[in-house]
Amino acid sequence: MKRPFVTLEQLKKITEQYPTPFHLYDEKGIRENARRLKRAFSWNKGFREFFAVKATPNPTILKILHEEGCGTDCSSYTELLLSEKCGIVGDEIMFSSNATPTHEFAKALELGATINLDDITHIDVLEELGTIPEVICCRYNPGGTFSIANDIMDNPGEAKYGMTREQIFEAFRRLMALGVKRFGVHAFLASNTLTNDYYPMLAKILFELAVDLRRETGADIRFVNLSGGIGIPYRPEQKENDIMVIGEGVRKVYEDVFGPAGMTDVAIYTELGRYMLGPYGCLVARAIREKRIYKHYIGLDACACDLLRPAMYGAYHHITVMGKEDWPCDHKYDITGSLCENNDKFAVDRMLPKIDIGDLVVIHDTGAHGYAMGYNYNGKLRSAEILLREDGSTKLIRRAETPEDYFATMIFD
Ligand SMILES: *Cc1c(COP(=O)(O)O)cnc(C)c1O
């Protein structure tokens, strides 16, 4: 059974100070999880997690993770500025490109970020900018489909990211000729994986590529970036990944592939987003309307502008009606927001306890790709973000938008 990380008593107190809806984050959970990840890869001397900023672009969150030893993975100019404002610069930033504008590369170079080149033509952009960094990463796309034990996990051949095998060898040679001294390789082949085998399988592909690249180009390969993709159990019946088993699986492949090649000083990097924050955030809303037509609807004061994943991907997010955790789930509801969009539903045909107007509702696992994907459709204002600290106190870490924020970019003349 999925339980919220916050109690009804705590929420009653928090909502006296901050009106619903808001995203709430669990500092204790975030820190403990970051430490677990570090422990799982402690066998690797250079290990570092670069938190995918796009998942939860909040300075307090980035600083908490930085205190736990994490850098940032940025993929836009503004994400780079955010990282800089948090004091996370230089080789603590991984800059992931893809169809990236030139001025964004320039900012990444200015900050001394490690650039992850998505395409061989991006080398021309670095030449144009007149700065060839000493360290560079190249992103690999093996094409075809990516399967684990006959299950197709994803379709790299249809993905816009990365270089082909031929291109990555060519890119390494060109970059070496231009003066790049040290290299990394990266790939992201499947998203939200619920298996302990994903990272080890990806690691095998990248470690073998690294060995071949070094043998054929003589490049000094300093790191392998396993990127994001470790998933979380959004559904109560799903089994969570065991990060210790994943770390151990990667270690085995590391010894098998890098041992014989004499490359046992290569660092492992990760760029996890969902795994780092997903379960440690929730959207807190209140039931404000009840409607019975052909179906039975409960309307919340939150909407898809606060959490887009259900509307966009039909994604499942578990819902707890606070104070009724042990009541029978004998009511079938569609849980909606108030957008003029019929896909503005957090749940369809969900069996839940009887909901009364005024009930507080927790929508689980919104810590990553939750607030971050928010938008302003229908003039809805983005919610606040609140941190539940380790001592049980709370801290506002982003205020809710006001109409002035909404009007700020409009021109009234
Ligand atoms: C989105 C993204 C991540 C994080 O992915 P998660 O699924 O949240 O772990 C990491 N690296 C890159 C380049 C990404 O685009």
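The following refers to the structure shown. (Residues numbered from 1 in each chain as written. Predicted model: local features only at pLDDT ≥ 70, side-chain atom pairs only at ≥ 80, totals over all residues. Heavy atoms only, no water.)

Here we look at the packing of aromatic side chains
Enumeration over the complete set of coordinates arrives at 16 aromatic pairs. Centre to centre, the rings of Phe146 and Tyr198 are 5.7 Å apart; their planes meet at 85°, and the pair counts as edge-to-face. Taken as a pair, Phe146 in strand S7 (residues 146-148) and Tyr198 in helix H8 (residues 198-217) lie far apart in primary sequence, 52 residues in all. In terms of burial, Phe146 and Tyr198 fall into one category: buried. By way of ring pairs, the aromatic residues Phe41, Trp43, Phe47, Phe146, Tyr198, Tyr199, Phe207, Tyr254 and Phe258 are connected into one cluster. (Phe/Tyr/Trp six-rings, centres within 6.5 Å; stacked < 30°, edge-to-face > 60°. Helix = DSSP H or I, 4+ residues; strand = E, 2+ residues; numbered from the N terminus. Buried < 20%, exposed > 50% of the residue type's maximum accessible area, 1.4 Å probe, protein only.)

Some remarks on the site of the ligand
Every one of the 14 residues lining the ligand counts as a neighbour, but Lys54, Glu271, Gly273, Arg274 and His369 are closest to it. Between an oxygen atom of the ligand and a side-chain N or O atom of Lys54, the distance comes to 2.7 Å. Within the contact set of the ligand, a nitrogen atom lies 3.3 Å away from a side-chain nitrogen or oxygen of Ser227. Surface burial for the ligand is 91%, taken as the share of its 380 Å² of free accessible area covered by protein chains. Per-class residue counts for the shell around the ligand are three nonpolar, six polar and five charged. (Near = heavy atom within 4 Å. Polar contact = N/O pair within 3.5 Å; in protein donor to acceptor, adjacent residues only side chain to side chain. Areas by Shrake-Rupley, 256 points an atom, 1.4 Å probe, with all protein chains shown as cover. Nonpolar A, V, L, I, M, F, W, Y, C, P; charged D, E, K, R; others polar.)

Some details on a nonpolar patch on the surface
On the surface, Phe407, Met410 and Phe412 cluster together into a nonpolar patch covering about 330 Å² of accessible area. Position of Phe407 relative to the elements: it lies in helix H12 (residues 403-407). The class of Phe407 is partly exposed, set by a relative accessible area of 39%. (Patch = residues over 30% accessible without salt bridge, like charges linked within 9 Å, V, L, I, M, F, W, Y side chains within 5 Å. Salt bridge = Lys/Arg side-chain N within 4 Å of Asp/Glu carboxyl O.)

Let's talk about the side chain of Ser383
Following the sequence through the fold, Ser383 ends up in the loop between strand S17 (360-363) and strand S18 (384-388). On the basis of relative accessible area, Ser383 is assigned to the buried category, the value being 5%. Those residues in contact with Ser383, other than ones at most four positions away along the chain, are Pro21, Phe22, His23, Asp306, Tyr371, Arg398, Arg399 and Ala400. (Contact = heavy atoms within 4.5 Å.)

Digging into helix H7 (residues 165-177)
Taking 1.5 Å per residue, 13 residues should reach 18 Å; H7 reaches 19 Å between its end C-alpha atoms and fits that length. Residues of H7 that are buried include every one of Ile168, Phe169, Ala171, Phe172 and Leu175, and no others. All buried residues of H7 project into a common sector of 160° when viewed along the axis, lining one side. The exposed residues of H7 that point more than 90 degrees off its buried face are Glu166 and Ala177. Close packing links the buried residues of H7 with strand S5 (114-117), helix H6 (122-129), strand S6 (135-139), strand S9 (182-186), H8 and strand S10 (220-225). The first or second residue beyond H7 is Gly179, which carries a positive phi of 110°. (Expected span 1.5 Å × (residues − 1). Arc of directions from axis to C-beta.)

As for the sheet that holds strand S2 (residues 48-52)
Spatially, S2-S3-S4-S5-S6-S9-S10-S11 is the arrangement adopted by the eight strands of the closed barrel, whose pairing is parallel. On average, each strand axis in the sheet is tilted by 25° relative to the strand beside it, whichever way the strands run. Bridge count for strand S4 (residues 93-96) against S5 is three bridges, and the pairing is parallel. Bridge pairing in S5 places Phe95 opposite Ile115. (Pairing = 2+ DSSP bridges. Axes fitted to C-alpha atoms, helices over the stretch in contact; angles between N-to-C directions.)

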